[in-house]
Amino acid sequence: MDISRLDIHNSDTPELCKSCEVRHKGMCGALNGMELTLLSKHTRQVSQPAGEELVGESTDIDAYDNIMRGVVKLSKTLEDGRQQIVGLQFAPDLVGRLYASESPMTAEAASDVDVCRVPRRILERLIDGNPELRKRLMDQSLRELDEARDWMVTLGRKTASEKVASLLLLIATHLDPDAEGERRVFDLPVSRLDIADYLGLTIETVSRQLSKLKGEKVISITANRHIEVLNFTKLRVRAG
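Counting of residues starts from 1 at the beginning of each chain's written sequence and follows it residue by residue. Only residues with pLDDT of 70 or above have their local features reported here, since the model is predicted, and side-chain atom pairs are shown and tallied only from 80 upward, although totals for entire chains, interfaces and linings are computed over all residues. Think of the side-chain values as coming from all heavy atoms in the structure, minus any hydrogens and water.

Enquirer: Account for the confidence of the model for the chain, with residues named and values stated.
Expert: How sure the predictor is of each residue is captured by pLDDT, a score from 0 to 100. When pLDDT is averaged across the chain, the result is 91; 95% of the residues are at 70 or more. Every residue pair with non-hydrogen atoms within 4.5 Å of one another is taken to be in contact. Of the regions scoring below 50 in pLDDT, residues 1-9 engages in ten contacts with residues more than four places distant in sequence or in other chains.

The structure is reproduced here in structure tokens:
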């Protein structure tokens, strides 16, 4: 059953929330009707094109973004201006460091994104009074910590082929976590240059490894960014 559609016509659901396809899967799934109403009165939906900054590193945090659609790229900047991609976030993740006064990194729309922008004071008030909401957001933080540790292994120990396969596996799994079977279809939310930066490879190596996966009929590639995973099991094996 698709629980994301259960309350589309429920009169207790605020109008702003009725069209949200990920509400039950994200933080809002822990809120009751009164809390949703409070949140909706202070929240606004924002659409940002790819490349648009959502929050800058070291800038004040006055709101959090809950991703409804699309992919957000997280990056850190060194003193000499070099940037390093440190993570990707997907719907229904919350963007922003809870209870921090400044953002520890830059969050940028990797693809076109739709977000619900929630004032910091409102969300933190809800968290303080709702243990289930606090647990959901803690679970997200712990999952991201686990993924960061896994990614350390990917960067430090895996081959170039395994790195590229691991990134495709990560994207496919997060964009459609409920998908079953061997096939997955998605558009790469980041450029090959970004992939090279994220994986610590050259862009030529990334292109070679994608071509290799295509030649082995693990994936097909159309228009440079449109990916169809033909054999999900084989992709998982290629990821090591």
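There's more to say after this.
Enquirer: Break down the sheet that holds strand β1 (residues 44-48) for me, citing the residues and quoting the values.
Expert: Criterion used throughout: strands pair if DSSP finds at least two bridges between them. Runs of H or I in DSSP of at least four residues are treated as helices and runs of E of at least two as strands, each being numbered from the N terminus. The sheet built from four strands is open, its strands ordered β1-β8-β3-β6 with antiparallel pairing. Edge strands, defined here as strands with exactly one partner in the open sheet, are β1 and β6 (94-95).

Enquirer: Tell me about the side chain of Ser161, residues and numbers included.
Expert: Mapped onto the elements, Ser161 comes out in helix α5 (residues 160-175). Beyond its immediate chain neighbours, meaning those up to four positions away, Ser161 contacts Gln209, Lys212 and Arg238.

Enquirer: Please provide a residue-by-residue account of the packing of helix α4 (residues 131-157) against α5, values included.
Expert: Fitted lines through C-alpha atoms serve as axes, helices being fitted only where they are in contact, and the angles separating the N-to-C directions of these axes extend from 0 to 180 degrees. Interaxial distance between α4 and α5 falls to 10 Å at its minimum, and their mutual angle equals 160°. In terms of orientation, α4 and α5 fall into the roughly antiparallel class. Our pair here, α4 against α5, has a crossing hand that is right-handed. Side by side, α4 and α5 meet where Arg143, Glu147, Trp151, Thr154 and Leu155 of the first sit next to Lys163, Ser166, Leu167 and His174 of the second. Oblique is the label for every angle not falling under 35 degrees (roughly parallel), over 145 degrees (roughly antiparallel), or within 65 to 115 degrees (roughly perpendicular). Put simply, a crossing is left-handed when the front helix is turned counterclockwise from the back one by less than a right angle, and right-handed when it is turned clockwise.

Enquirer: Go over the pairing of strand β9 (residues 184-187) with me, naming the residues and quoting the values.
Expert: For the exposure calls, accessible area comes from a 1.4 Å probe over protein chains only, and a residue counts as buried if that area is under 20% of its type's maximum, exposed if over 50%, partly exposed in between. Taking every second residue as pointing to the same face, the buried face of β9 carries Arg184 and Phe186, while none of Val185 and Asp187 on the other face is buried. Across four bridges, the pairing between β9 and strand β11 (residues 226-229) is antiparallel. When the bridges of β11 are listed, Val185 appears paired with Glu228.

Enquirer: Can you lay out the domain arrangement of the chain for me, pointing to particular residues and giving the numbers?
Expert: Interfaces are often sized by the accessible area lost when the parts come together. Domain start and stop positions are those given by an automatic or database domain assignment. As assigned here, the chain comprises domain 1 (48-154) and domain 2 (158-238). Taking only C-alpha atoms, the centre of domain 1 and the centre of domain 2 are 23 Å apart. Listed as interface residues are 16 residues of domain 1 and, on the opposing side, 13 residues of domain 2. Around 1,400 Å² of area is buried between domain 1 and domain 2 when both sides are counted, 64% of it from carbon and sulfur atoms. Defined in terms of a 1.4 Å probe, buried area is the accessible area two parts forfeit on being brought together, summed over both. Taken as a group, Phe90, Trp151 and Thr154 account for 43% of the area that domain 1 buries against domain 2, more than any other trio of residues on that side. Definition used for salt bridges: Asp or Glu carboxyl oxygen within 4 Å of a side-chain nitrogen of Lys or Arg. One can count one salt bridge joining domain 1 with domain 2. The partner of Lys73 in a salt bridge is Asp194, and the shortest N-O contact between them spans 3.1 Å. Here a polar contact means two N or O atoms within 3.5 Å. Within protein one must be a hydrogen donor candidate and the other an acceptor candidate, and residues neighboring in sequence count only if both atoms are side-chain atoms. Summed over the shared surface of domain 1 and domain 2, the number is five residue pairs in polar contact (both at pLDDT 80 or more).

Enquirer: Which residues make up the pattern of salt bridges, and what values do they have?
Expert: The tally for this structure, following the rule as stated, stands at 14 salt bridges. Where Asp93 meets Arg143, a salt bridge forms, and the shortest distance between an N and an O atom there is 2.6 Å. With a gap of 50 residues between them, Asp93 in the loop between β5 (83-90) and β6 and Arg143 in helix α4 connect regions that are remote in the sequence. Take Asp93: its relative accessible area is 6%, and that puts it in the buried class. The closest approach of N and O atoms between Glu147 and Arg143, which form a salt bridge, is 3.5 Å. Of the two residues, Glu147 and Arg143 are both situated in helix α4; the distance of four residues between them amounts to about one turn of the helix. Residue Glu147 is classed as partly exposed on the basis of its relative accessible area of 25%.

Enquirer: Give me helix α2 (residues 33-42): which residues, what numbers.
Expert: Those residues of α2 lying buried are Glu35, Leu36, Leu39 and Ser40. One face of α2 carries all of its buried residues, which in axial projection span an arc of 130°. Relative to its buried face, α2 has exposed residues pointing more than 90 degrees away, namely Met34 and Lys41. In the core, the buried residues of α2 are packed alongside α1 (15-18), β8 (113-119) and α3 (120-129). Two or three places before Met34, at the start of α2, stands the capping residue Asn32, its side-chain oxygen 3.1 Å from that residue's backbone nitrogen. Arc, as used here, means the arc of the directions from the helix axis to the C-beta atoms.

Enquirer: How would you summarise the sheet that holds strand β4 (residues 71-77) if you had to cite specific residues and measurements?
Expert: As summarised here, the arrangement of the four strands in space is β2-β7-β4-β5, forming an open sheet in which the pairing is antiparallel. Because the sheet does not close on itself, it has two edges, and the strands there are β2 (53-55) and β5. Direction aside, neighbouring strands of the sheet carry axes that sit 30° apart on average. Here β4 runs beside strand β7 (residues 106-109); their pairing, made up of four bridges, is antiparallel. The partner of Val72 across the bridge, within β7, is Ala109. Sitting on the sheet, α5 is in contact with β4 and β5, with an inclination near 30° to β5.

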